Amino acid sequence: MFDPAIYRERRNRLKKDVGSGLILLLGNDEVGMNYAANTYHFRQDSTFLYFFAVNQPGLAAVIDVDAGTETLFGDDLTVADIVWTGPQPTIADYCKPAAIAASASAAALDACIATAISQGRRIHFLKPYRTEHTLKLVSLLGIKPTMVATYRSEVLHKAVVAQRNIKSAAEVADIERAINVSREMYLAAMAAAKPGKHEYEVVAEILRIAKARDCDLSFPIICSVHGETLHNHQHANLMKSGDVMVLDSGVETVNKYASDITRTIPVSGTFTPQQRAIYEMVLRAQMLAIGAVKPGVPYKDVHLMVARSFATDLKAVGLMKGDADEAVAAGAHAMFFPHGLGHMLGLDVHDAENIGEQYVGYEPGEERSTQFGLGYLRLARKLEPGFVLTVEPGLYFIPALIDQWKAERHLEQFINYAEVEKYRDARGYRVEDNVLVTQSGHTVLGAAIPKTVADVEQACKG
Ligand code: GLY
Ligand code: MN
């Protein structure tokens, strides 16, 4: 949690940017896993945290832009609740750390919104991503569920993103704390990955370090010797000599700022010549991309620079052919690099993605590509000082995709399908770091995590 004045300043700027009406922000609720009292790990809504700091379920907040007031709504625990939970702060207590002037009961929210509606005032709210929020909005606003998306406030979406996209020094410091925990996790994972062990034993090392540093995961761990499956959350494979493992994981600090790091680990401790060649293409592309990060550069251009680097390197080993620029324009590289180069990082691992990537990662009016591969790019806009983003190129040999494209003879002027067969079982490779855009360039955040072939192989020795 930051200084109370920071939250007040954020809300004041929000009022200015939204202009008039009421801003309604809903905190998250507990969600039952298999029955109501057996809950999933609670995660507060990030925008609620950003403006109100309170990391508790069952709250809502209203900013009256015209009156300049701010109210936190929620109910204090009863003694019957406290029997189970122990003594907890009151709603009024929760106001202090975020400098919120007023609090009221949960029931008072209905009256507050009803009065505003009867006065014809605009209620600004964000598009919900949880069903219970949709139901609350339906009840508070008296609209049909299908109208919630229609009535969401475009001006509020843009105003929230305008602030959350630019990280302060205090936010960057928190992201660095998360990355430094990730570093410990990666050193442990590199030492732990061994033939004869299961992937879940590496996952156990990672979880142990996260918990020992009072962190939670920022997203489900990807830890697999089948890294060609991009979001592979299965960890049951037995690791064998010659396997290569993609480990993509992150933690969030007590303040909920995230890290998102990927390394590719040779299970035997050394890469085979083929693996090493592919890995070095990925590392070269990643360093090239990091070097290009500076204010004013569209991240889409950096993505395409990486695609050209891949097309050139893949041509050199006979997997691709023809002109690299033409191959990239046609999207041929996407058979090997089917995802985007990166995304914003902050309170969410894909920061503010619930608010909409069209606001977070694209310029106003900029259309997202419909081309396979480029269409998955979450961040395309011109970079600005204060953006924190991931740089995560990867190369993959996805049998189902290879088979489909080959059968269709898709872009065969750029892809040497006969040669691709020799790499069919080469699997997946990705390297990811978290980068701050500075006034003049960039800073790779956190202490360095091994990524050259020599450093990764050394770290695998433990
Ligand atoms: N780290 C997973 C992702 O960026 O989607
Ligand atoms: Mn990522």
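Values in this document were obtained by computation on a predicted structure and should not be read as measured data.

### Observations concerning the coordination of the manganese ion (ligand 2)
For the manganese ion (ligand 2), the full set of protein donor atoms is D260 (OD), H343 (NE2), E392 (OE) and E432 (OE), at a range of 2.0 to 2.3 Å. Each donor residue of the manganese ion (ligand 2) lies on one chain, and together they are spaced D-x82-H-x48-E-x39-E. With D260 in the loop between β11 (251-252) and β12 (261-266) and H343 in the loop between α13 (324-330) and α14 (357-360), this residue pair connects regions lying 83 residues apart in the sequence. Across the pair, H343 and D260 agree in class, each one buried.

### Regarding the site of ligand 1
Lining the immediate surroundings of ligand 1 are F219, H231, D248, D260, H343, H350 and E392. Between H343 and ligand 1, the recorded distance is 3.0 Å, taken from a side-chain N or O atom to an oxygen atom. A total of 200 Å² of accessible area belongs to ligand 1 in isolation, and the protein chains cover 91% of it. The site holding ligand 1 turns out to be the largest pocket. Residue composition of the shell around ligand 1, grouped by class: one nonpolar, three polar and three charged.

### Comments concerning the environment of I398
Tracing the chain through its elements places I398 in the loop between β14 (394-396) and α15 (399-407). Judged by its relative accessible area of 18%, I398 is buried. In the structure, I398 is positioned 78 residues away from M320 in sequence and 16 Å away in space, judged by C-alpha atoms. Once residues within four sequence positions are removed from consideration, I398 is found in contact with E228 and P338.

### Quick look at empty space enclosed by the protein
Applying the stated criterion to the full structure yields three cavities of 30 Å³ or more. What the largest cavity holds in volume is close to 140 Å³. Lining the largest cavity are 14 residues, with L26, D45, L126, K127 and H133 sitting closest to its centre. Ranked by the residues each element gives to the lining of the largest cavity, the list is headed by strand β1 (residues 22-26), at three residues.

### Comments concerning the sheet that holds β12
Strand order in the open sheet formed by three strands is β9-β10-β12, and the pairing between neighbours is antiparallel. Taken across any chain shown, the strands that pair with only one partner, and hence form the sheet edges, are β9 (222-224) and β12. Put simply, the sheet's adjacent strands are angled 15 degrees from each other on average, direction ignored. Where strand β10 (residues 244-249) and β12 come together, six bridges link them in antiparallel fashion. Within β12, the residue paired with M245 across the bridge is I265. Together, β10 and β12 form the strand contacts of helix α9 (residues 169-192), whose direction differs from that of β12 by roughly 10 degrees.

### What about the pattern of salt bridges?
Considering all chains together, one arrives at 38 salt bridges under this definition. Its salt-bridge partner being R13, residue D17 comes within 3.2 Å of it at the nearest N-O pair. On the criterion of helical spacing, the pair formed by D17 and R13 is a turn pair, its members being four residues apart in helix α1 (residues 4-18). On the accessibility criterion, D17 (29% relative accessible area) is partly exposed. As a salt-bridge pair, R430 and E392 come within 4.0 Å of each other at their nearest N and O atoms. Placement of the pair is R430 in strand β15 (residues 428-430) and E392 in the loop between β13 (388-391) and β14, with a sequence separation of 38 residues. Accessibility expressed as a relative area gives 3% for R430, which makes it buried. The buried category is assigned to E392, whose relative accessible area is 8%. A network of salt bridges, in which partner residues are shared, links R43, K211, D216, E252 and K256.

### Brief notes about the side chain of D174
With respect to the helices and strands, the residue D174 is situated in helix α9. Residue D174 is classed as buried on the basis of its relative accessible area of 2%. Contacts of D174, omitting those with residues within four sequence positions, involve T253, N255 and Y257.

### Digging into the pairing of strand β16 (residues 433-437)
Across a regular strand the side chains alternate sides, sitting on one face of the sheet and then on the other. For β16, a buried count of five out of five residues is recorded, marking the element as mostly surrounded by other parts of the structure. Side chains of β16 alternate between two faces, with D433, V435 and V437 and N434 and L436 buried alike. Note: β13 against β16, four bridges, orientation antiparallel. The partner of L389 across the bridge, within β16, is V435. Where β16 meets strand β17 (residues 442-444), three bridges bridge the pair, whose relative direction is antiparallel. Residue V435 lies in a different strand from β17, and its bridge partner there is V444. Linking β16 back to β17 in an antiparallel pair, the connection comprises four residues.

### Some remarks on the sheet that holds β13
Read from one edge of the open sheet, three strands run β13-β16-β17, paired in antiparallel fashion. Across the chains shown, the open sheet's two edge strands, defined by having one partner strand only, are β13 and β17. Within the sheet, the average angular offset between the axes of one strand and its neighbour, ignoring direction, is 35 degrees.

### Let's talk about the packing of aromatic side chains
Inspection of the entire model under this criterion finds ten aromatic pairs. Here F2 and Y257 contribute two aromatic rings whose centre-to-centre distance is 6.0 Å and whose plane-to-plane angle is 50 degrees, an arrangement assigned as tilted. In this pair, F2 is assigned in the segment before α1 and Y257 in the loop between β11 and β12, connecting sequence segments 255 residues apart. Pair check on accessibility: F2 and Y257 agree, each one buried. By the ring-pair criterion, three or more aromatic residues cluster together here, those being F2, Y7 and Y257. The cationic tip of R10 hangs over the ring face of Y50; the distance from NZ or CZ to the ring centre is 3.7 Å.

Analysis parameters
Residues numbered from 1 in each chain as written. Chains lettered and ligands numbered in written order. Predicted model: local features only at pLDDT ≥ 70, side-chain atom pairs only at ≥ 80, totals over all residues. Heavy atoms only, no water. Donors = N, O, S within 2.8 Å, 3.2 Å for Na, K, Ca; no water. Helix = DSSP H or I, 4+ residues; strand = E, 2+ residues; numbered from the N terminus. Buried < 20%, exposed > 50% of the residue type's maximum accessible area, 1.4 Å probe, protein only. Near = heavy atom within 4 Å. Polar contact = N/O pair within 3.5 Å; in protein donor to acceptor, adjacent residues only side chain to side chain. Areas by Shrake-Rupley, 256 points an atom, 1.4 Å probe, with all protein chains shown as cover. 1 Å grid on protein atoms, 1.4 Å probe; cavity = no way out; pocket = protein on both sides within 12 Å on 5 of 7 lines; lining within 4 Å. Sits in = over half its atoms within 2 Å of the grid points. Nonpolar A, V, L, I, M, F, W, Y, C, P; charged D, E, K, R; others polar. Contact = heavy atoms within 4.5 Å. Points joined across faces, edges and corners; volume = space filled by probe spheres on them. Pairing = 2+ DSSP bridges. Axes fitted to C-alpha atoms, helices over the stretch in contact; angles between N-to-C directions. Salt bridge = Lys/Arg side-chain N within 4 Å of Asp/Glu carboxyl O. Phe/Tyr/Trp six-rings, centres within 6.5 Å; stacked < 30°, edge-to-face > 60°. Lys NZ or Arg CZ within 6 Å of the ring centre and 35° of its normal.

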